[in-house]
Amino acid sequence: KQINSIMSAFDKQPDNQNFLSPLGFRFIIDKLPIVNYYCQSASLPSVSLQETEIPNPLVRIPLAGTKLTYAPLDIRFRVDEDMNNYLEIYNWMTGLGTPEDTKQYQDLNKTGGNRPTAGTGKMGNVMQGVFSDGTLVVLTSAQNPNKRIQFVDLYPINLSPLQFDVTGTDVAYIEADVTFNYRSFTVASA
């Protein structure tokens, strides 16, 4: 009987026994074509499920909640010599946060990756350039697309400083980190 259960365990081996490589990915944000090209790293954010409990005077009885919380998305990119990719994000943030005039906010709609929002009417048109979708394409060990992680309604919330330093002996090209909030993400086969 024990031999049959061991054989049964061998029958349940996974079809693909390759491990996931941290090198096999592409990241695409519709609104940031230059950042996409220079992307160095991206993290699949954590997801947590809100917990609730049943009131009980004797013991805590936990239950799964009804609300998912998504951690922010972080990517790192190498800054190009003309700082075009840095400025793509900076201008997006400036248009969102502290525009000095209405033109900065209006320019959000002129940049790449625009799409209609789920909203209708005037507010839907006003919010059109605020968000952008993004996709993390996870590659197989043969560098073929395997999974697509689709981020919905991204917008930048933090852009790291650029550190210039003449004391280095080797050229370490400048990289920047950007953090995005988003509504949700989904995972699908490529």
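Quick note: structure is the one above.
The shown structure was predicted, so the numbers you read here are calculated from the model rather than taken from an experiment.

A. Region of interest: the overall build of the chain. Assigned secondary structure in the chain consists of five helices and nine strands. The helix and strand sequence of the chain, counted from the amino end, reads α-β-α-β-β-β-β-α-α-α-β-β-β-β. Relative to its 190 residues, the chain shows a buried fraction of 28%. When contacts within the chain are restricted to residue pairs at least 6 apart in sequence, those whose partners lie at least 24 apart make up 61%. A total accessible area of about 13200 Å² is found for the chain, and carbon and sulfur atoms account for 55% of it.

B. Spatial organisation of the environment of T94. As for its placement among the helices and strands, T94 is situated in helix α3 (residues 84-97). On the accessibility criterion, T94 (14% relative accessible area) is buried. For the pair T94 and L108, spaced 14 residues apart in sequence, the C-alpha separation works out to 9.6 Å. Dropping the residues within four chain positions of it, T94 is found in contact with P99 and Q104.

C. Region of interest: the side chain of T135. Counting through the fold element by element, T135 comes out in strand β6 (residues 132-139). Classification of T135 as buried rests on a relative accessible area of 12%. There is a polar contact of 2.8 Å between the side chain of T135 and the side chain of Q150. When neighbours within four sequence positions are excluded, T135 is seen to be in contact with R26, F27, I28, R148, I149 and Q150.

D. Structural context of the pattern of salt bridges. Tallying each qualifying case throughout the model produces six salt bridges. In this structure, the salt-bridge partner of R76 is E175, at a minimum N-O distance of 3.9 Å. Residue R76 is located in strand β5 (residues 73-78), and its partner E175 is located in strand β8 (residues 175-181); the two are separated by 99 residues in the primary sequence. The class for R76 is partly exposed, based on a relative accessible area of 32%. Salt bridges sharing partners connect three or more residues here, namely R76, R78, E175 and D177.

How each quantity is defined
Residues numbered from 1 in each chain as written. Predicted model: local features only at pLDDT ≥ 70, side-chain atom pairs only at ≥ 80, totals over all residues. Heavy atoms only, no water. Helix = DSSP H or I, 4+ residues; strand = E, 2+ residues; numbered from the N terminus. Buried < 20%, exposed > 50% of the residue type's maximum accessible area, 1.4 Å probe, protein only. Contact = heavy atoms within 4.5 Å. Areas by Shrake-Rupley, 256 points an atom, 1.4 Å probe, with all protein chains shown as cover. Polar contact = N/O pair within 3.5 Å; in protein donor to acceptor, adjacent residues only side chain to side chain. Salt bridge = Lys/Arg side-chain N within 4 Å of Asp/Glu carboxyl O.

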